[in-house]
Amino acid sequence: MTIERESSYLPEKQGIPADSKAVGFLRAMGAVVWKDLSAEIRSRELLSAMLIFALLVILIFNFALDLDPATRREPTITAGVLWVIFVFAGTLGLNRSMAIEKDRGCLDGLLLAPVDRSAIYFGKALGNLVFMLMVEFIVLPIYSLLYNVNLFNPGLLLVILLGSIGYVAVGTLLAAMAVQARTRDILLPILLFPVVLPVILAAVKASTGFLDGSEMEVIRPWINLLIAYDIIFSAVAFMVFDYVVEE
Amino acid sequence: MIKVRKLVKRFGLKTVLRGMDFQADQGEFVALLGPNGAGKTTFLRILASLSRPTMGGVNIAGYRLPDQASAVRRRLGVVSHQPLLYGDLTAEENLRFYGRMYGVRDLRSRVAEVLELVGLTPRRRDLVRTYSRGMQQRLAIGRAVLHDPDVMLFDEPHTGLDQDASAMLDTVLREVAARGRTVVMTSHDLARAADLASRFDVISRGVITASVKRDEIEPNNLLAFYRQALQEA
């Protein structure tokens, strides 16, 4: 067994210019997304837990609310129940996604890589967003069938996308913070829900607006709030992730 | 290659490293010996840029920590008692992932080469979670040398390994050191350290209390040297 060392495999050492910062950033981000998706395709741990939980919540609401058929189709009820499902299932996914990094010390492995650490954050966030959107994509038709509501409204789908981006942007950052603690499973929701409240409020209001056919003037402020929140929290995470994950 | 001056690390009110000085030249294999809680792992985590020093200067391969952490990480390979590998990926996929993170060129051939080097080519498509502890540790070394680092840090690499796996790991460690890399290894196992290292530093209560080169001490006397260093601390 010999560890050869005649040539170097890092471009910088070979005199080949290293990739530009942007290329390195995108390469690292893509690697993290690829790694998360590959591991999940194999284990299906995270998606199956999120999905089963989401379906159970739909069923529980279906029986617990015990509403008459007309009330069940109320836009306020529909929007509220949908976002409760997304938020709770999302929390489960965020917790698991970071716990995987803590397992076998993988988070240290990521942090040892010579890349901008915000690339790791954006990779994790993008992976979490894909998982959340996949769950939402499955939940929507099932909810439509059970509650007899048409949810395939382009405006509503846009709200779901924007709300999910905001939720995942904050959630990934706070999950990285909570994963260092022994009580991470209970710590994440306690940290996350107060911070993510503006997203949930705006998403529920905008979803209700699209479901009851309100004018765009009524919905636009909520959409703007979602976009602003997404941008601000992505920027905050970009700036502070390095400090959050360091001892 | 590694220069550490007056290094202090505090966690809240607790001071773990108390003005520690340390130096390792190119090609040296330093065994850092000390009891539990002496600060070995904290020191290695600071060298690995996983933890920020509270005070003091750390310079690795001409780059300062924490300001030039990215340049330092590029030159570091780290193996700890945890493998830092993903259980739901195969050995090949794990190395490919880390290779991308380090921007390794000719990744496919380099991964094949490293797998061959650590003797895992026949099991390259198996999930890492199906590996024994010894195989995981060999793959962890493969991960750490993938980008051909100048400095290697080993934090208790033999923890949890049986005799055969430990012996195999020793072979790999010798090969890693023989290629001119600077190696710092923490260990509780004096016999193993005596067999591998070219210098022995004893750390106690956050400072290096004694240091001796391999050619200055008989391997049989290492235990006495270690005990005396701890008593004088």
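Residues numbered from 1 in each chain as written. Chains lettered and ligands numbered in written order. Predicted model: local features only at pLDDT ≥ 70, side-chain atom pairs only at ≥ 80, totals over all residues. Heavy atoms only, no water.

Asker: So what's going on with the environment of V176 of chain B? Residues and values would help.
Answerer: By secondary structure assignment, the location of V176 of chain B is in helix α6 (residues 163-178). Taking C-alpha positions, V176 of chain B is 9.9 Å from F29 of chain B, a pair spaced 147 residues apart along the chain. (Helix = DSSP H or I, 4+ residues; strand = E, 2+ residues; numbered from the N terminus.)

Asker: Go over the environment of L95 of chain B, please, and point to the residues and values.
Answerer: Residue and element names in this part refer to chain B. With respect to the helices and strands, the residue L95 is situated in helix α3 (residues 91-102). Overall, L95 belongs to the buried group, its relative accessible area being 0%. When the C-alpha atoms of L95 and L139 are compared, they prove to be 8.5 Å apart, with 44 residues separating the residues in sequence. When neighbours within four sequence positions are excluded, L95 is seen to be in contact with L107, V111, V114, L115, L139, G142, R143 and L146. (Buried < 20%, exposed > 50% of the residue type's maximum accessible area, 1.4 Å probe, protein only. Contact = heavy atoms within 4.5 Å.)

Asker: Residue-level account of the interface of chain B and chain A, with values.
Answerer: Contact with chain B, which involves 52 residues of that partner, is made by 46 residues of chain A. Each partner contributes to the roughly 5,000 Å² buried at the junction of chain B and chain A, and carbon and sulfur atoms together form 56% of this total. The tally of links from chain B across to chain A stands at two salt bridges. In this structure, the salt-bridge partner of D108 of chain A is R45 of chain B, at a minimum N-O distance of 2.8 Å. The interface formed by chain B and chain A includes nine residue pairs in polar contact (both at pLDDT 80 or more). Listing elements by their share of the side of chain B that touches chain A, those giving two or more residues are β1 (2-11), α2 (69-74), α3, α4 (107-117), α5 (133-145) and α6 of chain B. Looking at which element gives the most residues to the side of chain B that touches chain A, the answer is α3 of chain B, with six residues. Among the residues making up the side of chain B that touches chain A, the classes are represented as 24 nonpolar, 10 polar and 18 charged. (Buried area = accessible area lost by both parts, 1.4 Å probe. Salt bridge = Lys/Arg side-chain N within 4 Å of Asp/Glu carboxyl O. Polar contact = N/O pair within 3.5 Å; in protein donor to acceptor, adjacent residues only side chain to side chain. Nonpolar A, V, L, I, M, F, W, Y, C, P; charged D, E, K, R; others polar.)

Asker: Could you give me a rundown of the packing of helix α2 (residues 21-43) of chain A against α3 of chain B, with the residues and numbers involved?
Answerer: Interhelical geometry of α2 of chain A versus α3 of chain B gives an angle of 165° and a closest axis separation of 8 Å. Between α2 of chain A and α3 of chain B, the angle is such that the two are roughly antiparallel. Where α2 of chain A crosses over α3 of chain B, the two elements pack in a sense that is left-handed. Counted together, R27, A28, A31, V32, W34, K35 and R42 of chain A of α2 of chain A and E93, F97, R100, M101 and Y102 of chain B of α3 of chain B form the full contact between these two elements. (Axes fitted to C-alpha atoms, helices over the stretch in contact; angles between N-to-C directions. Parallel < 35°, antiparallel > 145°, perpendicular 65-115°, else oblique. Left-handed = near helix turned anticlockwise from the far one by under 90°.)

Asker: For a nonpolar patch on the surface, give the residues involved together with the corresponding values.
Answerer: On the surface, I52, L56, L59, I60, F63 and L146 of chain A cluster together to form a nonpolar patch covering roughly 590 Å² of accessible area. Summarising the element assignment, I60 of chain A is placed in helix α3 (residues 45-65). (Patch = residues over 30% accessible without salt bridge, like charges linked within 9 Å, V, L, I, M, F, W, Y side chains within 5 Å. Areas by Shrake-Rupley, 256 points an atom, 1.4 Å probe, with all protein chains shown as cover.)

Asker: Describe the side chain of S207 of chain A, naming the residues involved and giving the relevant values.
Answerer: All names here are of chain A. The topology assignment puts S207 in helix α9 (residues 184-211). A polar side-chain atom of S207 sits 3.0 Å from a polar atom in the side chain of W83. Leaving out residues up to four positions away in the same chain, S207 has contacts with A79, W83, L156 and V159.

Asker: How would you sum up the pattern of salt bridges? Please name residues and give values.
Answerer: Residue and element names in this part refer to chain A. In the structure shown here, the tally under the stated rule is 23 salt bridges over all chains. The partner of E217 in a salt bridge is R220, and the shortest N-O contact between them spans 3.9 Å. Taken together, the residues span about one helical turn, with E217 and R220 both in helix α10 (residues 216-245) at a distance of three residues. Given the relative accessible area of 54%, E217 is considered exposed. The class of R220 is partly exposed, set by a relative accessible area of 39%.

Asker: How would you explain the sheet that holds strand β3 (residues 29-33) of chain B if you had to name every residue and give the values?
Answerer: All names here are of chain B. Here six strands make up an open sheet; going across it, the order is β6-β7-β8-β3-β9-β10 and the pairing mixed. Taken across any chain shown, the strands that pair with only one partner, and hence form the sheet edges, are β6 (76-79) and β10 (207-213). Across the sheet, the axes of successive neighbouring strands diverge by a mean angle of 15°, strand direction being ignored. Here five bridges tie β3 to strand β8 (residues 182-187), and the two strands are oriented parallel to one another. Counted as the bridge partner of A31 is M185 from β8. Where α5 meets the sheet, its contacts fall on β6 and β7 (151-155), and the angle it forms with β6 comes to roughly 170°. Sheet strands in contact with helix α8 (residues 222-232) are β3, β9 (199-204) and β10, and its direction is about 30° off that of β9. (Pairing = 2+ DSSP bridges.)

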